[in-house]
Amino acid sequence: MILVLRALGVGDLATAVPALRGLRAGLPGRELVLAAPAWLAPLAALTGAVDRVLPTTGPDRIRWTGPPPEVAVNLHGRGPESHRALAAVRPGRLVAFRNPPAGHLDGPAWDADEHEVRRWCRLLHAYGLPADAGDLALRRPAAVGVPAGVTVLHPGSKVPAKRWPAARFAGLARVLTARGHRVVLTGSADERALAARVASDAGLPPTAVLAGRTGLTELAALVADARVVVSGDTGVAHLATGYRTASVVLFGPVSAALWGPPPERRRHLVLGRVEAAGSDPDSTGSGRVGTHPALDAIGIDEVVAAVAEVERVSGAVAA
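Keep in mind that what you see is a predicted model, and the values were worked out from it rather than measured. (Residues numbered from 1 in each chain as written. Predicted model: local features only at pLDDT ≥ 70, side-chain atom pairs only at ≥ 80, totals over all residues. Heavy atoms only, no water.)

## What about the environment of alanine 143?
Argument step 1. Examined against the element boundaries, alanine 143 turns out to sit in the loop between helix H5 (116-126) and strand S6 (151-154).
Argument step 2. Along the chain, alanine 143 and glycine 11 lie 132 residues apart, while their C-alpha atoms are 23 Å from each other. (Helix = DSSP H or I, 4+ residues; strand = E, 2+ residues; numbered from the N terminus.)

Here it is in structure tokens:
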């Protein structure tokens, strides 16, 4: 059995898909258990690589009661806490980045400026396991009654610094609606008020507000069949990558060089911060109160042009 720790969110799980598939291919015939938040189980199933989810909210909360796994894999972080948590279940082998404080001297060195997808693929390669960084595709959910062909705008983020101003999302919605797009607004239940404000300012009906009304399966289905997705650096952007849905992703404070879609895929266009990490002392934006300057510099016209470009490239313009 393989135990994999990735106790994070939607984007984190989506960027780990190539590594999960690599583990499935490199260690065949074994059950693969993913230690992750229980609410991510529907997305874990869509990876096609996970057999079951062990509900886990952090590396200090792995409730493992079975026999020691043959292999434990740390796709959560560099350690030492996550390394120690996995070592505590007494695996036959620990696949993880080198971390002397955790007593793990095996594995490659951590590279803070490495793209998240490539990071976990490199980890597997160091242990002789396959992983293809381009293998990001997610399975399509069964029909769940969500609209198809809509333009998805996602104005929220758990990190305030990652939010493009709501007034600009409203302005964007007005322009796109005038150009024939059927705009809907997504988000978590906590972001419903934000989405409702954007919809109201854009002159959209309340039915356009889907924030807080979709589970993870419904959100995945919505993105899979969307015309285009516009969002900040958050989970829905990674769903768009997984379904090859035309998308425009607005970056700041974290660089697209670390979390962006594959640059060779022209149907996903990045605006905002695209340079390598290291220039911002607050690399996550968690310490900022307002929108990051890189996001604040992005105008509505620039996003409208980007939407037109990704639609041209993908051929997704509605008839």
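## Some thoughts on the layout of surface pockets
Argument step 1. Computed from the structure, the largest pocket encloses a volume of approximately 1,400 Å³.
Argument step 2. Broken down by secondary-structure element, the contributors of at least two residues to the lining of the largest pocket are helix H1 (10-15), H5, helix H8 (216-224), helix H9 (235-242) and helix H10 (256-259).
Argument step 3. When residues in the lining of the largest pocket are grouped by element, the largest group, 4 residues, is from H9.
Argument step 4. Classifying every residue of the lining of the largest pocket by side-chain character gives 16 nonpolar, 17 polar and 12 charged.
Argument step 5. Along the walls of the second largest pocket sit 26 residues, with Gly260, Pro261, Pro262, Pro263 and Glu264 positioned nearest its centre. (1 Å grid on protein atoms, 1.4 Å probe; cavity = no way out; pocket = protein on both sides within 12 Å on 5 of 7 lines; lining within 4 Å. Points joined across faces, edges and corners; volume = space filled by probe spheres on them. Nonpolar A, V, L, I, M, F, W, Y, C, P; charged D, E, K, R; others polar.)

## Regarding the sheet that holds strand S3 (residues 52-55)
Argument step 1. Read across the sheet, 5 strands follow the order S3-S2-S1-S4-S5 without closing on themselves; strand pairing throughout is parallel. Strands at the two margins of the open sheet, each flanked by one partner only, are S3 and strand S5 (93-95). Sheet twist, expressed as the average angle between the axes of neighbouring strands with direction ignored, equals 25 degrees.
Argument step 2. In the sheet, strand S1 (residues 2-5) pairs with strand S2 (residues 32-36) via 4 bridges, with the strands oriented parallel. Following the sheet pairing, valine 4 is matched in S2 by leucine 34.
Argument step 3. Most of the contacts of helix H2 (residues 17-26) go to S2, to which it runs at about 155 degrees, and overall it touches S1, S2 and strand S4 (71-74). (Pairing = 2+ DSSP bridges. Axes fitted to C-alpha atoms, helices over the stretch in contact; angles between N-to-C directions. Contact = heavy atoms within 4.5 Å.)

## Examining the confidence of the model for the protein chain
Argument step 1. The predicted model of the protein chain has a mean per-residue pLDDT of 93, with 94% of residues at 70 or higher.
Argument step 2. Predicted confidence is poor over residues 278-283, with pLDDT under 50, and the contacts of this stretch with residues over four places away or in other chains come to 11 contacts. (pLDDT = per-residue confidence, 0-100.)

## Considering the packing of helix H6 (residues 166-178) against helix H7 (residues 192-202)
Argument step 1. For the pair H6 and H7, the least separation of the axes is 8 Å and the interaxial angle reads 45 degrees. Taken together, the axis directions place H6 and H7 in an arrangement best described as oblique. In this structure, the crossing between H6 and H7 has a hand that is right-handed. Between H6 and H7, the contacting residues are Ala166, Phe169, Ala170, Ala173 and Arg174 on the first element and Leu194, Arg197, Val198, Asp201 and Ala202 on the second.
Argument step 2. Of the residues assigned to the contact of H6 with H7, the class counts are 7 nonpolar, no polar and 3 charged. (Parallel < 35°, antiparallel > 145°, perpendicular 65-115°, else oblique. Left-handed = near helix turned anticlockwise from the far one by under 90°.)

## Digging into the pattern of salt bridges
Argument step 1. For the structure on display, the rule yields 13 salt bridges.
Argument step 2. Among the ionic pairs, arginine 6 bridges to glutamate 116, the shortest N-O distance being 3.0 Å. Within this pair, whereas arginine 6 is found in the loop between S1 and H1, its partner glutamate 116 is found in helix H5, the two being separated by 110 residues in sequence.
Argument step 3. With a relative accessible area of 1%, arginine 6 lands in the buried category.
Argument step 4. When the shortest N-O distance is used, the salt bridge between aspartate 233 and lysine 162 registers 3.3 Å. Separated by 71 residues along the polypeptide, aspartate 233 in the loop between strand S8 (228-232) and H9 and lysine 162 in the loop between S6 and H6 bring together distant segments of the chain. For the residue pair aspartate 233 and lysine 162, the accessibility class agrees, reading buried in each case. (Salt bridge = Lys/Arg side-chain N within 4 Å of Asp/Glu carboxyl O. Buried < 20%, exposed > 50% of the residue type's maximum accessible area, 1.4 Å probe, protein only.)

## Some details on the pairing of S4
Argument step 1. Side chains Val71 and Val73 project from S4 onto one buried face, and the interleaved Ala72 and Asn74 project onto a second face that is buried too.
Argument step 2. Taken together, the 4 bridges between S1 and S4 define a ladder with parallel strand orientation. When the sheet's bridge partners are listed, leucine 5 is paired in S4 with asparagine 74.
Argument step 3. Bridge count between S4 and S5: 3 bridges; the pairing is parallel. In the sheet register, valine 73 faces S5, and the bridge partner there is valine 95.
Argument step 4. At this point the chain moves from S4, through helix H4 (residues 81-87), to the parallel S5, and the crossover so formed is right-handed. (Right-handed = clockwise from strand over helix to strand, strands pointing away.)

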